[in-house]
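Coordinate analysis (summary)
What follows is each chain in one-letter form.
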Amino acid sequence: MKSLQARQAPLADTGYQLTVLSEAEAAGARLPAFAGKLRETGLFPLRPTRLQIMQINVGRMCNQVCKHCHVDAGPDRTEIMTRETMQLCLDALAQTDIELVDLTGGAPEMNPDFRWLVEQISALGRRTIVRCNLTIIVANKKYHDLPEFFARHHVQVVSSLPHFSAGRTDAQRGDGVFEKSIRALKMLNAVGYGQEGSGLSLDLVYNPSGAFMPGSQQSLEREFKQRLGREHGIVFNNLLTITNLPVSRFLDYLLESGNYESYMEKLVAAYNPVAAENVMCRTTLSIGWDGQLYDCDFNQQLDLLVAGTAPKHIRDFDEALLQNRAIVVNQHCYGCTAGAGSSCGGATT
């Protein structure tokens, strides 16, 4: 499987994605504008509360090509953040009291300056999350010491594992991914991750394999812990449930399978104003691999830059202007506000 970009698929064009998402009529079903839903519940324009998280996408290169990937990442993607841009991020971080830096990709570990960036964030006294796909740890011997590196810098590891069964995981992420993920999880456990009292946090991420919303985060966490513990001896801290947003390869799946209309209707019907109040874009600044600024990782993949007078690039970072911006919304935002809510930190209600 190749990325949409490598296939020169229509949806590789973010303008085309936005056209699909913004059509008031999709396959005969009218979908109300998300901004209107916010207005009905007194939340428009949506604005930040307090900037707490700097999320940095260090590149779209990945060793996997997952069917649901909203980044359209893969081995054929060459976009990568330079050390110069990383330094601009660090300079901006030093001006703030932001306590958490969330590193994502692609596989962030494939960026040649990834370890340097983690070390610099640690030197500033800030906490780091790494969104690790697990298989990268066993993909090449140069990555085999990642668990020790993560532990040394007290990195919080957040890893996607679509299911506790091989069949459902491999169907979404590729043949053999489950077995490799189990090996990587055991390596993380061996250095203390997920172990009680270690202070080393290991969270797993569940996202549905089809055109449906995730179930109860609490119930799924219990089931994952029981099955992974009993069958593989694996422990972890928390399970985070994330709703698949209709962006990039998941949008491609929805359209190809004929599920787009019904899926969007489900999200609209499940709109939850409490979840809307707690969306991650209100506390997060998203930075693209080239230093451009976005309200969230999903807006980043749709090329929806921050709006108004807020700086558009990290070199021009201004916390006050960013704090007072109006957050850019579109139809994909229904995914974060449906049911119990969805964010990079899991359910929001």
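Conventions adopted
- Residues numbered from 1 in each chain as written.
- Predicted model: local features only at pLDDT ≥ 70, side-chain atom pairs only at ≥ 80, totals over all residues.
- Heavy atoms only, no water.
- Phe/Tyr/Trp six-rings, centres within 6.5 Å; stacked < 30°, edge-to-face > 60°.
- Helix = DSSP H or I, 4+ residues; strand = E, 2+ residues; numbered from the N terminus.
- Buried < 20%, exposed > 50% of the residue type's maximum accessible area, 1.4 Å probe, protein only.
- Lys NZ or Arg CZ within 6 Å of the ring centre and 35° of its normal.
- Polar contact = N/O pair within 3.5 Å; in protein donor to acceptor, adjacent residues only side chain to side chain.
- Core = buried A, V, L, I, M, F, W, Y, C linked by side-chain atoms within 4.5 Å.
- Contact = heavy atoms within 4.5 Å.
- Salt bridge = Lys/Arg side-chain N within 4 Å of Asp/Glu carboxyl O.
- Pairing = 2+ DSSP bridges.
- Axes fitted to C-alpha atoms, helices over the stretch in contact; angles between N-to-C directions.

To continue, consider the packing of aromatic side chains. Within the structure shown, the criterion is met by 10 aromatic pairs. Consider the rings of Phe-164 and Phe-224, whose centres lie 5.2 Å apart with planes at 75°: the pair is edge-to-face. Of the two residues, Phe-164 is situated in the loop between strand E6 (156–160) and helix H8 (166–173) and Phe-224 in helix H10 (residues 217–232); the sequence distance between them amounts to 60 residues. Take Phe-224: its relative accessible area is 0%, and that puts it in the buried class. Ring pairs connect the aromatic residues Phe-34, Tyr-271 and Tyr-334, which therefore count as one cluster. It is Arg-115 that lies over the ring of Phe-149; its NZ or CZ is 5.1 Å from the centre. Positioned over the ring face of Phe-236 is Lys-225, at 5.5 Å from the centre of the ring.

Position of Thr-169 relative to the elements: it lies in helix H8. Here the side chain of Thr-169 touches Ser-165 through a polar contact of 3.1 Å, landing on its backbone oxygen.

Quick look at the nonpolar core now. Core analysis: the largest hydrophobic core is formed by 57 residues, its most contacted members being Ile-56, Leu-103, Phe-150, Tyr-193, Phe-224 and Leu-228. Look past the residues within four positions of Ile-56 in its chain and what remains in contact with it is Met-81, Cys-89, Val-101, Asp-102, Leu-103, Thr-104 and Ile-287. In terms of nonpolar packing, the next biggest core, distinct from the first, is built from 39 residues, Leu-46, Ala-211, Cys-296 and Val-328 among them.

For the rest of this paragraph, the subject is unusual backbone geometry. Cis rather than trans, the peptide bond between Phe-44 and Pro-45 has omega equal to 0°. Positionally, Pro-45 belongs in the loop between helix H3 (34–40) and strand E3 (53–57). Cis rather than trans, the peptide bond between Gly-105 and Gly-106 has omega equal to 20°. Within the secondary structure, Gly-106 sits in the loop between strand E4 (100–104) and helix H5 (114–123). Located in the positive-phi region is Gln-8, a residue other than glycine, with phi close to 55°. As for its position among the elements, Gln-8 is in the loop between helix H1 (4–7) and helix H2 (14–22). Judged by relative accessible area, which is 71%, Gln-8 ranks as exposed. We note that Asp-303 has phi near 60°; this positive angle belongs to a residue other than glycine.

Turning our eyes to something else, we now look at H5. Of the residues making up H5, those classed as buried are Phe-114, Trp-116, Leu-117, Val-118 and Ile-121. For H5, the elements touching its buried residues are helix H4 (83–94), E4, strand E5 (127–132) and helix H7 (146–152).

Let's shift gears to helix H11 (residues 248–257). Every buried residue belonging to H11 is among Ser-248, Arg-249, Phe-250, Leu-251, Asp-252 and Leu-254, and all of these are buried. Where the residues of H11 are buried, they touch H1, H2 and helix H12 (260–269).

Below, the discussion takes up the pattern of salt bridges. On inspection of all chains with the given rule, the structure shows 12 salt bridges. Of the charged contacts in the structure, one is a salt bridge between Arg-77 and Asp-72, with a shortest N-O distance of 3.2 Å. In this structure, Arg-77 and Asp-72 share a single accessibility class: buried. The partner of Lys-225 in a salt bridge is Glu-221, with the nearest N and O atoms 3.6 Å apart.

Considering the arrangement of structural elements, one finds Gln-217 in helix H10. The contact partners of Gln-217, leaving out residues within four places of it in the chain, are Leu-239, Leu-240, Thr-241, Gly-346 and Ala-347.

Ordered by their spatial adjacency, 8 strands build an open sheet running E8-E7-E6-E5-E4-E3-E9-E10, and the pairing between neighbours is mixed. Only two strands of the sheet have a single partner each, and these edge strands are strand E8 (238–241) and strand E10 (293–294). Pairing analysis gives 4 bridges linking E3 to strand E9 (residues 284–287), with the strands arranged parallel. Among the inter-strand pairings, Ile-56 is bridged to a residue of E9, identified as Ile-287. Docked against the sheet, H10 engages strand E7 (202–206) and E8, running at close to 130° with respect to E8.

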